[in-house]
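# Structural description and commentary
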Amino acid sequence: MQQSSSASPHLLEIAWEACNQVGGIYTVIRSKVPAMIEYWGDQYCLIGPFFPQQAAHEFEPSDDYSDVYGQAVLELRAQGVECYYGNWLVTGRPRIVLINPFSAFGQLGEIKHLLWEDHKIPTSNEDLLNQVLAFGQLVKRFISLLSGKTQVVAHFHEWMVGSAIPDLRREQVPVKIVFTTHATLLGRYLAMNDPNFYDQLTSVDWQHEARHFNIEPAVSIERAAAHGAHVFTTVSEVTVRECIYLLDRIPDTVLPNGLNIRRFTAMHEFQNLHLTYKKRIHRFVMGHFFQSFPFDLDKTIYLFTSGRFEYRNKGFDLTLEALARLNYRMKQAKSDMTVVMFFVTKQPFYSINPGVLHSKALMEEIQETCEAIKDQIGERLFYDAAASSDHKLPELNNYVDDYWKLRYRRTIQSWKTHQLPPVVTHNLVNDQSDEILHFLRSSNLVNNADDRVKIVYHPDFISPTNPLFGMEYGQFVRGCHLGIFPSYYEPWGYTPLECVASGIPAVTSDLSGFGDYVKKNVKKHTDKGIYVVDRHERSFDDSAEQLTRDLFDFVEMSRRERITQRNKVEGLSEMFDWKKLLVHYERAYQLALSTSQE
Ligand code: G6P
Ligand code: 1S3
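In this text, all values refer to a predicted model and were calculated from it rather than measured experimentally. (Residues numbered from 1 in each chain as written. Chains lettered and ligands numbered in written order. Predicted model: local features only at pLDDT ≥ 70, side-chain atom pairs only at ≥ 80, totals over all residues. Heavy atoms only, no water.)

Turning our attention to the packing of aromatic side chains. Scanning all chains against the criterion turns up 38 aromatic pairs. Ring centres 6.5 Å apart and planes at 45 degrees place the aromatic pair Y69 and Y85 in the tilted group. With a gap of 16 residues between them, Y69 in helix α3 (residues 68-78) and Y85 in strand β4 (residues 83-88) connect regions that are remote in the sequence. This pair shows no difference in class: Y69 is buried, exactly as Y85 is. With 5.6 Å between their ring centres and 80 degrees between their planes, F304 and F476 make a pair best called edge-to-face. Taken together, the residues F304 in strand β10 (residues 300-306) and F476 in helix α17 (residues 473-479) connect sequence positions 172 residues apart. Exposure remark for F304: the relative accessible area of 0% places this residue in the buried category. An aromatic cluster of at least three residues, connected via ring pairs, comprises F284, Y302, F304, F342, F469, Y473, F476 and F485. Above the face of the W116 ring, K120 is positioned so that its terminal group lies 5.5 Å from the ring centre. Above the plane of the ring of Y488 lies R312, whose end atom (NZ or CZ) is 4.9 Å from the centre. (Phe/Tyr/Trp six-rings, centres within 6.5 Å; stacked < 30°, edge-to-face > 60°. Helix = DSSP H or I, 4+ residues; strand = E, 2+ residues; numbered from the N terminus. Buried < 20%, exposed > 50% of the residue type's maximum accessible area, 1.4 Å probe, protein only. Lys NZ or Arg CZ within 6 Å of the ring centre and 35° of its normal.)

Once that is clear, we can look at the domain arrangement of the protein chain. Examined at the domain level, the protein chain breaks down into domain 1 (10-48 + 100-259 + 580-594), domain 2 (261-353 + 422-576) and domain 3 (356-413). Just the C-alpha atoms count here: the centres of domain 1 and domain 2 sit 33 Å apart. Carbon and sulfur atoms supply 56% of the area that domain 1 and domain 2 bury against each other, a total of about 2,100 Å² over both sides. Remark: the boundary between domain 1 and domain 2 carries 2 salt bridges. Between the two partners, domain 1 and domain 2, sit 11 residue pairs in polar contact (both at pLDDT 80 or more). Mapped onto the side of domain 1 that touches domain 2, the elements with two or more residues apiece are α1 (24-40), α7 (185-193), α8 (197-200), α11 (237-247) and α22 (578-594). (Domains from an automatic or database assignment. Buried area = accessible area lost by both parts, 1.4 Å probe. Salt bridge = Lys/Arg side-chain N within 4 Å of Asp/Glu carboxyl O. Polar contact = N/O pair within 3.5 Å; in protein donor to acceptor, adjacent residues only side chain to side chain.)

The next subject is the site of ligand 1. With respect to spatial proximity, the complete set of residues near ligand 1 consists of Q271, N272, H274, L275, K278, H481, R559, R562, I563 and R566. A distance of 2.8 Å separates an oxygen atom of ligand 1 from a polar side-chain atom of K278. The contact in question runs from an oxygen atom of ligand 1 to an N or O atom on the side chain of R562, over 2.7 Å. With the chains in place, 81% of the 390 Å² that ligand 1 exposes on its own is no longer accessible. Looking at the shell around ligand 1, the elements with two or more residues in it are α12 (268-289) and α21 (559-572). A total of 5 residues in the shell around ligand 1 trace back to one element, the largest contributor, which is α12. Of the residues assigned to the shell around ligand 1, the class counts are 2 nonpolar, 4 polar and 4 charged. (Near = heavy atom within 4 Å. Areas by Shrake-Rupley, 256 points an atom, 1.4 Å probe, with all protein chains shown as cover. Nonpolar A, V, L, I, M, F, W, Y, C, P; charged D, E, K, R; others polar.)

Below, the discussion takes up the nonpolar core. With 73 residues, the main nonpolar core has L12, I14, I99, F142, I143 and F156 as its most contacted residues. Inspection of this core shows a minimum of three residues originating in each of domain 1 (10-48 + 100-259 + 580-594) and domain 2 (261-353 + 422-576). When sequence neighbours within four positions are dropped, the list of residues in contact with F142 reads L12, I47, Y69, A72, V73, L76, V97 and I99. Counting residues in each nonpolar core, the second largest holds 50 residues, with L11, V28, L98 and V569 among its members. (Core = buried A, V, L, I, M, F, W, Y, C linked by side-chain atoms within 4.5 Å. Contact = heavy atoms within 4.5 Å.)

Given below as structure tokens:
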């Protein structure tokens, strides 16, 4: 159904990450666009901050300012504000208004003064805070202009755009406001610092903690936005609890996160992609490990985790503990499988480890040599076969020039080493204090030849320009066998959902919004390839044990079982398609429209 009459409301979605990629909210907004356009048509528009570099890549200005959005942009511009109207160059090409926060930097003093006077929101001189406060003020002015022309529902995402809300309410601008928090600020800080976060949640003194972490201005904006919205929402039931105790408002509804799911018409297509990209990963693995010792790639399982470096929150600690146990268990069981675990995250580094690059280069040279020898043999054999009357296969060695024989031997000799393959691919700035490295070294999980579990810690995100993998992140995911994301704090968590969308099984946890949703909505989810580690009211040790068992069972599966499980997990992806999940958004908008203005 598409809303298109001019009498029907216009929907504005406001996010700091619209046309400005920072983290998970960008994925929410961007992936949702096609479904939003399908429903709202021309009535739908986004607002984001104008940053010239991002805009140069993702924004196309319009020359048609005739609709209500264009008109409001022109009026705001006439007031001296730098703002643009056009299309965001992502799938669906939605309308977008970009406003330069720096246009209001001259009024920051007054903005801050009034925030305190009118709403008791304290401020500071922190750079991001200055930008979002200026942006919030300009968004408020834009919405005030727009609401004079049509009925508006304004959906704000996250505290960074929340500072517009208190004034919209105080000035009684006729707009219906929905505010979504994707994580509470205090929740994230407390979870990172307090091992008993979930037990203590009900008794947190928000102001005391906000001051303690030096985030009182942002937390105050978040609270004011949550309280000022006509409809307050969050992304999962897990985060509902946080909202109740840390923001003091019960969310009116939950908006689960989805993806724009594109399924292949031919079922085997995604399985073929797995094989294609697995072979690309094989090449990296050969380059990295085989100079020290080879192993059977046909009996190798690729596990991975990825995301921001939040060691405890993202469950890196639990994953490492389970891997160490898995290694021990596989050795005990004399397993002939090898597990290669990739940690893909972002940590400061000086450079890629030159040894890792050198090994990769030498392996490429070996490949070139093999190709040259193959060509030489092929050409000469073909000639002799055609010319001779003898049916016997000749001695192939004789076809290879001494030059290539020597080069073959020399390259392999210079490549092989007695050193262990490094566990980390880059030279880290904080090598001695890095938590992943500390765990690996102290538990001796350092790629010993007899270890069944090998580690590749890649402290940079994967991209096609990255010299070690040279592939897109999504391709890397498809090439792996299992993604591991047993988070301790995760309002939703896109990484396991991205696995599911690619037909790759994944581990999540019941403390993540996604895992909690799966547990409540998907029967027999383990069989179907979504493993939910119980962390709620469980000790670290119990959760580590559960994860170890799951990983051991996974490694023991036959290829046929893995293929079947991939089919099942891919079959689940449709339930996370925005086309299915948008109903929750529509409910929130209907709710907002049904509220009174007061
Ligand atoms: C896909 C391909 C199969 C291949 C399999 C490998 O299903 O279509 O041809 O045998 O992947 O699966 P594995 O789990 O061993 O990587
Ligand atoms: C947040 O981003 P994060 O990784 O900081 O929002 C995401 C989108 O709603 C959510 O998936 C994630 O769990 C939150 O933590």
